[in-house]
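Report on the structure
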Amino acid sequence: MSWKETIFLGLGLADIFGLICVIGTVWGIKMMSSPTTAVSGNLLGAASMAGAIIVTLVSEGIVGVGVLWIAMAVGTVLGYIMAVRVAMIQMPQMVALLNGFGGGSSAIVSLMTLVATIWAASTVTLGAFEKVTAVLGLIVGGVTFSGSLVAAGKLAGKINQRPIIFERQSAINNLALLVTTVLGVSAIVSGGAAMVVYAVLVLIGSLAYGVLFTIKVGGADMPITVSLLNSFSGVAASISGFAIGNPLLIAIGAVVGASGLILTQIMCRAMNRTLGQVLAGKTTVLHKTSGQQASAVSAQPSRPAQPDGASILASPATGESAPAGEPDYIGFARAARSVIVVPGYGMALAQAQGDVKALMDRLEAGGAEVKVAIHPVAGRMPGHMNVLLAE
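Rules used in this analysis
- Residues numbered from 1 in each chain as written.
- Predicted model: local features only at pLDDT ≥ 70, side-chain atom pairs only at ≥ 80, totals over all residues.
- Heavy atoms only, no water.
- Helix = DSSP H or I, 4+ residues; strand = E, 2+ residues; numbered from the N terminus.
- Buried < 20%, exposed > 50% of the residue type's maximum accessible area, 1.4 Å probe, protein only.
- Contact = heavy atoms within 4.5 Å.
- Areas by Shrake-Rupley, 256 points an atom, 1.4 Å probe, with all protein chains shown as cover.
- Expected span 1.5 Å × (residues − 1).
- Patch = residues over 30% accessible without salt bridge, like charges linked within 9 Å, V, L, I, M, F, W, Y side chains within 5 Å.
- Salt bridge = Lys/Arg side-chain N within 4 Å of Asp/Glu carboxyl O.
- Pairing = 2+ DSSP bridges.

1. Considering the overall build of the protein
In terms of regular secondary structure, the protein is built from 15 helices and 4 strands. Within the protein, the fraction of its 391 residues that count as buried is 37%. For the protein, the share of sequence-separated contacts (at least 6 apart) that also reach a separation of at least 24 residues comes to 66%. For the protein, the exposed area adds up to about 21,700 Å²; of that, 68% sits on carbon and sulfur atoms.

Below, the structure written as structure tokens:
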């Protein structure tokens, strides 16, 4: 018997189709790395996820459950409306919101897994492994849900984008995490109604911790937090997959978790921060004045000092002088032979990509070599600026 025959005999039909869906999802992510194939990659990923849903419905024998189809129809309509209405400049908060939905759904799956031991005690029994994974999924999913909502609110300007720092915040955060962990252990070692009560308290604690650790992150560092929460949503899904014994959910969640974590590390390096600094709020600067409480401000690079009134910069291209105290940027641009354009969030906010392109064309017409450098966090989310430039 060949190795191929051994694999196919060991796998059921649902496992084989599920594996195809996983491969399609990974391949779709790979295609999204290039503007040329990004649209096709997005469609491939969407088709793979739709296939994964169908495989799950068929393999679990729940195709005929009407409430599932109603829920999927409502979700599809809402998702479509949100997608067509959202502006490109609002995409970061949209991503954060979707991360929260993913974490929230994983938390619900984990909670229902534990609740099922009461509702269907005659048919459902949970071993130690299932209990542990369900509680872990509940914690990670709850943190992801509440943290993502706060992140979306900050990115949308609904919540103050500056870090919210208060006295003994780290101690309170650690205490919340410790209490949630203790409640989780209590849920694992308990049974029946007591286990469900502890599970609900675990969910409340995880939701509180998600808010506490996200509010201390400033708006400038929020992209890293969103990327991390994206990873958490995948981890939560994978863990809840272990709790219900669904290999497809485990695999898809692992893909999302791993890719999100890799992206988070890339963003941290690009912003000269460590993940620990961002989560601990150590990228903020505290300013104290006499008789006032400390106020937290995001660490931002200061603008270069302007020349004094006596400085006059002449334009090499025109010979004209810039106004006193102001650099002659236009003259510099005209005289430059090599130009690198580094677009930032300001360009995205002003929807000025067309003007930037026109400027690049004019510089090239003047004989300059013009290149574009995309910062990994430009536009507040990786890939966001690439899309604007592609337009």
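Now that the structure has been shown, the text picks up again.
2. What to know about helix H9 (residues 222-244)
The end-to-end C-alpha distance of H9, which contains 23 residues, comes to 33 Å, matching closely the 33 Å that a straight helix rising 1.5 Å per residue would cover. Here H9 lies mainly inside the structure; 18 of its 23 residues are buried. In the segment just after H9, Gly-245 is the residue with positive phi, at about 70°.

3. Observations regarding a nonpolar patch on the surface
Residues Ile-54, Val-58, Val-63, Val-65, Val-67, Leu-68 and Trp-69 make up a contiguous nonpolar surface patch of about 600 Å² in total accessible area. The set of elements that each furnish at least two residues to the nonpolar patch consists of helix H3 (38-59) and helix H4 (66-85). At 3 residues, H4 tops the list of elements feeding residues into the nonpolar patch. Relative to the assigned elements, Trp-69 resides in helix H4. For Trp-69, a relative accessible area of 43% gives the class partly exposed.

4. Remarks on the pairing of strand S3 (residues 338-341)
The alternating pattern of S3 places Val-339 and Val-341 on a buried face and Ser-338 and Ile-340 on a face that is not buried. As paired strands, S3 and strand S4 (residues 369-372) are joined by 4 bridges and run parallel to one another. In the sheet register, Val-339 faces S4, and the bridge partner there is Val-370.

5. Points about the pattern of salt bridges
Any two side chains of opposite charge can pair, given that their charged atoms come close. If you walk through the whole model with that rule in mind, you get 2 salt bridges. A salt bridge links Lys-357 to Asp-361; its shortest N-O distance comes to 2.9 Å. Taken together, the residues span about one helical turn, with Lys-357 and Asp-361 both in helix H14 (residues 353-365) at a distance of 4 residues. Residue Lys-357 is classed as partly exposed on the basis of its relative accessible area, which comes to 45%. In this structure Asp-361 comes out as partly exposed when scored by relative accessible area, which is 35%.

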